[in-house]
Amino acid sequence: MTDPQLVLTERVQQALAAAFGTEHSDADPLIRPSQFADYQANVAMSLSRRLDRGTPREVAQEIANRLTEAGFPGTVEVSGPGFLNITLSDDWITAQANEVLQDPRSGVAPSAVPQIVAIDYSAPNAAKEMHVGHLRTTIVGDALARVHEHLGNKVIRQNHLGDWGTPFGMLIEHLLDIGEKNAVAQLEAGEGNAYYQAARAKFDSDPEFNRRARARVVTLQAEEPETMRLWHIFMDATVRYFNKVYTQLGVTLTDDDIAGESMYNHALAQVCDELQERGIAVVSDGALCVFPPGYTGREGQPLPFMIRKSDGGYGYATTDMATIRYRVQDLKVDRILYVIGATQAQHMSMLFDSARMAGWLPDHVSAEHVQIGSVLGSDGKMFKTRSGASIKLLDLLDEAETRAAEVIRDSDYEETERREIAHAVGMGAVKYADLSVSHDSEYVFDFDRMLALTGNTGPYLQYAQARIRSIFRKGDVDPAQATGPIVIGHPAERALALKLLGFGAVVTEVAEGSAPHKLAAYLFDTASAFTTFFENCPVLRSDVDPAVRASRLALCALTLRVLETGLELLGVPVPERM
Ligand code: ARG
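None of these values were measured; they are calculated from a predicted model. Residue indices follow the written sequence of each chain, beginning from 1 at its first position. Side-chain atom pairs in this predicted model are given and counted only at pLDDT of 80 or more, local residue features only at pLDDT of at least 70, and totals for whole chains, interfaces and linings cover all residues. To obtain the side-chain values, all non-hydrogen atoms of the structure were used and water was disregarded.

1. A closer look at the pattern of salt bridges
So, point 1. Note on definitions: salt bridges are taken to be side-chain nitrogens of Lys or Arg within 4 Å of carboxyl oxygens of Asp or Glu. Within the structure shown, the criterion is met by 29 salt bridges.
So, point 2. Between Arg 157 and Glu 149 there is a salt bridge, with its nearest N and O atoms 2.9 Å apart.
So, point 3. On the accessibility criterion, Arg 157 (11% relative accessible area) is buried.
So, point 4. For every residue, the accessible area (1.4 Å probe, protein chains only) is compared with the maximum for its type, and the residue is labelled buried under 20%, exposed over 50%, or partly exposed between those bounds. Judged by its relative accessible area of 38%, Glu 149 falls in the partly exposed class.
So, point 5. Ionic pairing is found between Arg 335 and Glu 368, a salt bridge with its closest N-O pair at 2.8 Å. Placement of Arg 335 in strand β10 (residues 335-341) and of Glu 368 in strand β11 (residues 366-372) is noted, with a sequence separation of 33 residues between them.
So, point 6. Overlapping salt bridges bring together Glu 173, Asp 177, Lys 202, Arg 212 and Arg 216 as one network. Where helices and strands are cited, they refer to DSSP runs of H or I of at least four residues and of E of at least two residues respectively, numbered from the N terminus.

2. Points about the packing of helix α4 (residues 90-102) against helix α18 (residues 491-500)
So, point 1. Orientation is described by axes fitted as lines to C-alpha atoms, over the contacting stretch for helices, and by angles from 0 to 180 degrees between their N-to-C directions. Here α4 crosses α18 at 50 degrees, and the two axes come no closer than 9 Å. Looking at the two axes, α4 sits oblique to α18. For the crossing formed where α4 meets α18, the hand is left-handed. Facing Asp 90, Ile 93, Ala 97 and Val 100 of α4, the residues of α18 in contact are Arg 494, Ala 497, Leu 498 and Leu 500.
So, point 2. Note on residue categories: nonpolar means Ala, Val, Leu, Ile, Met, Phe, Trp, Tyr, Cys or Pro, charged means Asp, Glu, Lys or Arg, and polar means any other residue, Gly included. Among the residues making up the contact of α4 with α18, the classes are represented as 6 nonpolar, no polar and 2 charged. Each angle receives one of four descriptions, namely roughly parallel if under 35 degrees, roughly antiparallel if over 145, roughly perpendicular if within 65 to 115, and oblique otherwise. Two helices cross in a left-handed way if the nearer one is turned anticlockwise from the farther one by less than a right angle. They cross in a right-handed way if the turn is clockwise. By the convention used here, residues are in contact when the closest approach between their heavy atoms is within 4.5 Å.

3. As for a nonpolar patch on the surface
So, point 1. Patch construction takes residues with relative accessible area above 30% that form no salt bridge. Like charges are linked within 9 Å, and nonpolar side chains (Val, Leu, Ile, Met, Phe, Trp, Tyr) are linked within 5 Å. Methods summary: accessible areas were calculated by the Shrake-Rupley approach with a probe of 1.4 Å, and residue burial reflects only the protein chains presented. Residues Val 407, Leu 453 and Tyr 463 make up a contiguous nonpolar surface patch of roughly 230 Å² in combined accessible area.
So, point 2. One can find Tyr 463 in helix α17 (residues 458-475).

4. With respect to the environment of Leu 101
So, point 1. Inspection of the secondary structure puts Leu 101 in helix α4.
So, point 2. Separated by 400 residues in sequence, Leu 101 and Leu 501 place their C-alpha atoms 9.5 Å apart.

5. With respect to the nonpolar core
So, point 1. Among buried residues, those of type Ala, Val, Leu, Ile, Met, Phe, Trp, Tyr and Cys that are joined through side-chain atoms within 4.5 Å constitute a nonpolar core. Counting 154 residues, the largest nonpolar core has Ile 63, Leu 135 and Phe 234 as its most contacted members.
So, point 2. Sorting elements by how many residues they give to this core places helix α10 (residues 225-249) first, with 13 residues.
So, point 3. Sequence-distant contacts of Ile 63, that is, excluding residues within four places in its chain, are made with Val 12, Ala 15, Leu 16, Phe 20, Val 43, Ala 44 and Leu 84.

As structure tokens, this is what we get:
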């Protein structure tokens, strides 16, 4: 364990137990970064109230005494109303930094007990627009998948495509009308929205088409072979478009991860029958519903979680009940992350409660809705093009790359490399914008801001790591050979080393709390600490003492490794040069 905050937490807990009894050994000492020292512990305030023993300052002094008796690796001072100001010794920081330097995992400890984690993300709907909201669940979900895998958990990606249901009757009939070839071309090109609208228009205005579409729904539900053949043509073309988006973004989803709504079709009747037989679902106004406690409508009436409509049809809720049962019983998950729009919060919460009532979501399995906030346009409304039409995602990604090429315009790379860099910077900018704010907050989609080379942006971090690479190129040193040892002279070296110790803890925290933005913030702080270090501490200059040079190169190498690994965990491309 190298993370100072974790080490200090443990140390202070031991001191609390020694001073006030073992019942305090897992109290949170509230270790926070401090303006006046490296860290402060705020626990004395609340503790003195609870203990009813002395002033907060006296309690703080008692903790400080215990810490010092136990060979504390630094100094502790009581300040203000009862803060403990903690300054770590340079020796301790140096020793820890050298340990992290030698650790191929840079301080990221694998999970003690690896878990099976299903991550439900991306999940666009066929023949509806794949919009920036889906882009965000794709990007956040993919980062979480990468982080969990890095920690040694088994990740099962579940792309819950909207690939089933009554609209497919008219979608298939429209395919017959315009011909397979035309349909495939249109869908592969990402014109699913236009396709849907054309089908919908006929459905609303043409009684004969409407009749055919309804009849088609029946043969689809029955999985009749010719209908399934047409459905496959439709879906394969649609998935090819989704894959273009995934490839351009560099997300890890493949066709093997597709587990769409259609997969559960055969289970829906059984889900309803079982829940009805067991009395967990009841018929209300002709529909079959679960009534999980605690949900009420505007008039105080209990809200139904409807699993079969009064016309006998199944819906989104039915499928999700079948899905959760499958994930628990067949995939044997320990944890399910639903990376889905915040607007679906109530559906998710009712789903989890209903599944718990059914016994399909046992206590030892954690189901979590990782709520994704909306992406807004500069007008504060849902993000659209200037004309108000929805945006084709591939066009949006292309635009990001074109604008990225402008940003790196001054560099003298040849055409191929320039295009590669523009791709990395463009995708990095878009992805980092989704990841750097907490997943449940809204944010305004703004190319200029996300492509800026300063501030908490993807390009800034990409540039920071590329600049460290160029130091190694200039010095003709292989970063892998920069083995130090790290020594601390200048305050900027100390600050950077201290920052680098925290990488492992932040990665674990991201996995536990599904919070990629914490890793983003950490990487940004690290890059900033590096900048200060680099401005103050020459590395390659000829008058630098060889031992100091070796130490500074090691700090560069460790920073590079942390930035590179961190960006890879976020799914942000790491260009060699920029
Ligand atoms: N297709 C849905 C949508 O676009 C998201 C599905 C999320 N996953 C789930 N198991 N409900 O809103």
